[in-house]
Amino acid sequence: MIISPYAKKMTISDIEEQLKELHECEMSSIPISRITNTITNEVITWQDSPLQDLYLIVWTDG
């Protein structure tokens, strides 16, 4: 409920409002911010990881 709106460039306050309106869920901006910061750090770590030498590709044709 938080990751998808954040990926669509919604602000933390917009996500807070969406949670209230659509999901009837009260959550302050502090936990939302912590979640988005954690996600951002994980994405940056993943992006900085080196590429592998070999990738398996499976091609099926039906």
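The structure under discussion appears in the preceding block.
These numbers come from a predicted model, not from an experiment. (Residues numbered from 1 in each chain as written. Predicted model: local features only at pLDDT ≥ 70, side-chain atom pairs only at ≥ 80, totals over all residues. Heavy atoms only, no water.)

(A) Representation of the pattern of salt bridges. Scanning all chains against the criterion turns up two salt bridges. Measuring nitrogen to oxygen at the nearest pair gives 4.0 Å for the salt bridge that ties E16 to K20. A residue pair is termed a helical-turn pair when its members lie 3 or 4 positions apart in one helix, as E16 and K20 do in helix α2 (residues 12-23) at four residues. Here K20 falls in the partly exposed class, since its relative accessible area comes to 31%. Taken together, the shared-partner salt bridges in this structure form one network comprising E16, E17 and K20. (Salt bridge = Lys/Arg side-chain N within 4 Å of Asp/Glu carboxyl O. Helix = DSSP H or I, 4+ residues; strand = E, 2+ residues; numbered from the N terminus. Buried < 20%, exposed > 50% of the residue type's maximum accessible area, 1.4 Å probe, protein only.)

(B) Broad picture of the environment of S29. When you line up the elements, S29 lands in helix α3 (residues 29-48). Linking S29 and E16, residues 13 residues apart in sequence, is a C-alpha distance of 6.5 Å.

(C) Expanded view of the environment of N41. With respect to the secondary-structure elements, N41 resides in helix α3. Between the C-alpha atom of N41 and that of K8, which follows or precedes it by 33 residues, the distance is 17 Å.

(D) The arrangement of α2 in detail. Look at α2: 16 Å from first C-alpha to last across twelve residues, which is about the 16 Å you get at 1.5 Å a residue. Elements that come into contact with the buried residues of α2 comprise α1 (3-7) and α3. E24 sits one or two positions beyond α2 and adopts a positive phi of about 50°. (Expected span 1.5 Å × (residues − 1). Contact = heavy atoms within 4.5 Å.)

(E) The arrangement of the environment of E26 in detail. Looking at the secondary structure, you find E26 in the loop between α2 and α3. Taking the C-alpha atoms as reference, E26 lies 7.7 Å from E16; in sequence the two are ten residues apart.

(F) Examining unusual backbone geometry more closely. One non-glycine residue, K9, lies in the positive phi region at around 70°. By secondary structure assignment, the location of K9 is in the loop between α1 and α2. Its identity is not glycine, yet E24 carries a phi of approximately 50°, on the positive side. Along the polypeptide, E24 turns up in the loop between α2 and α3. In this structure E24 comes out as exposed when scored by relative accessible area, which is 73%.

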